[in-house]
Every structure is written in structure tokens, then in C-alpha cells.
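# Per-entry structural report
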Amino acid sequence: MSTPNKDMDKVEVRLKWDPSPSGTPAHDLDIIAATYLAEAPYGSPAYLVHFDSRSPDGTITLNRDSRTGQGLGFDEVMTLELNRLSTAYTRVVVGVAIQQRDGRRTFAEIANTGVQVREGYTNLAEDDFSAVGAATAATVAEFVRGAAGAWEFHGTVRGFDGDPNLFAGTMGSRTPGT
């Protein structure tokens, strides 16, 4: 039987923040996507996409990367073409990590943070990280392929305290850090 419902197709995750005050180290936030295989949907990621990388098949790309937050609107944008992602992958988790090069920074210390998850012109989720202000990273979106093959969106923001490398390896666990 056919259905008139459209599957989730192409999604954008957009991130913004204000630059650090003059004379202080730049605030550098990064979008990270982790893909998970059907055999291990909560194990280690099959691969990660972040600055200076893209998915092996080109279905997940970081279109815009900012190291300072300078610019108008959303400074960093990642596109996920879920409709093209191999059926071997059944879960994609997207997070945001604050680089910790110049000392520990949390979302509460960075002005005007915001993340938006969009499909076309439709906002699926928006958040300002205020609920996870003490965190250094957070998951912002989860996409899960259902039994029929259609992608479902879950937009829960979960905070994490640690460096970006540790976060990237554990962001798809049921509880970050485990």
C-alpha cells in the first residue's frame, strides 16, 4: 500500500553564536554528526562528520564552518541527506561541541548561542542551550530509521561535560559519557 506521507529527505542543522569579547580567545563551536550501523545503533559511531571532513558517500556535509562566530545569522551549517544514506545506517546523532583549546568553556559563557534543525522551510527544533548552560557539548538531534525505512526525528537536547573527542565517541550512547 502506498502512503501520501513524505519521508524525511534533506535536513539542515544550523548553529550560531556571538564572537568572544575583543582581546579574548575566540569561541569555536562545532557541529558533529555520528552515524550508527543497524548492528550497533548505540555502540561506537561508524563514522563522524565534523570540520574538515564529510561522510564517505557525501550524504552528510559541513557546508559552513566558523571558528569565531563572526557573521550574520547562522555561522555553521551541516546538511544531512537522509534519503541518500545507505540502509546499513539506522541512526544519526548530531551534536555541538565547544572547542576547549584555551580553557574550559560552557554554553552559559558564550553569548547568543542557538541551534536550529530544519527540513526545507520547516523548523523541526530550535534551542538556545540555556537548559544545558553548564555543559561543554550537547546532542541536539537524533534521526532514527524506522522498520518501514522512513526517518524519524527526535529533538532532545542533552548536555555533556568533557572534551570534544570524548563527546564525539560517546554522543550516541543512551546517556552521553556511557
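Within each chain, residue numbers correspond to sequence positions counted from 1 in written order. The predicted nature of this model means local features are confined to residues of pLDDT at least 70 and side-chain atom pairs, given and counted, to a pLDDT of 80 or more, with totals for whole chains, interfaces and linings taken over all residues. Hydrogens and water are ignored here; the side-chain numbers use all heavy atoms of the structure.

### What about the overall build of the protein?
Secondary structure counts use DSSP, requiring at least four H or I residues in a row for a helix and at least two E residues in a row for a strand, with both numbered from the N terminus. On a plain count of helices and strands, the protein comes out with one helix and 11 strands. Ordered by position from N to C terminus, the α and β elements of the protein give β-β-β-β-β-β-β-β-β-β-β-α. Only C-alpha atoms enter the radius of gyration; for comparison, a globular chain is expected to reach 2.2 Å times N to the power 0.38, where N is the number of residues. The C-alpha radius of gyration of the protein comes to 16 Å, within 12% of the 16 Å expected for a compact globule of 178 residues. Over its C-alpha atoms, taken along the principal directions, the protein stretches across nearly 60 × 35 × 30 Å. Evaluated residue by residue, the protein yields a buried proportion of 45% over its 178 residues. Buried, partly exposed and exposed residues are distinguished by accessible area as a fraction of the type maximum, computed with a 1.4 Å probe on protein chains only: under 20%, between the cut-offs, and over 50%, respectively.

### Brief notes about the pairing of strand β7 (residues 114–119)
Judged by how many residues are buried, β7 sits mostly within the fold: five of six residues are covered. Following DSSP output, two strands are said to pair if at least two bridges run between them. Strand direction decides the pairing type here: strand β1 (residues 10–16) and β7, joined by six bridges, are antiparallel. Across the sheet, the residue bridging to K16 is G114, located in β7. In the sheet, β7 pairs with strand β8 (residues 122–127) via five bridges, with the strands oriented antiparallel. Looking across to β8, one finds that V115 is bridged to D127. Hairpin remark: β7 followed by β8, antiparallel, with two residues in the connecting loop; positive phi at G120, about 65°.

### Thoughts on the packing of aromatic side chains
The way to describe two aromatic rings as a pair is by their centre distance and the angle between their planes. Any two of the Phe, Tyr and Trp rings considered here, Trp counted by its six-membered ring, make a pair once their centres fall within 6.5 Å; the pair's planes then place it as stacked at under 30 degrees, edge-to-face at over 60, or tilted in between. Applying the stated criterion across every chain, the model contains four aromatic pairs. Where F107 meets F129, the ring centres are 4.2 Å apart and the plane angle is 0°; that geometry is what we call stacked. Of this pair, F107 sits in the loop between β6 (89–98) and β7 while F129 sits in the loop between β8 and β9 (137–145), and the two are 22 residues apart along the sequence. In terms of burial, F107 and F129 fall into one category: buried. Look at F160 and F167: their rings are 5.3 Å apart centre to centre, the planes differ by 45°, and that puts the pair in the tilted class. Placement of a positive charge over a ring is assigned whenever Lys NZ or Arg CZ falls within 6 Å of the ring centre and within 35 degrees of the normal to the ring plane. Between the NZ or CZ atom of K16 and the centre of the ring of F74, over which it lies, the distance is 5.5 Å.

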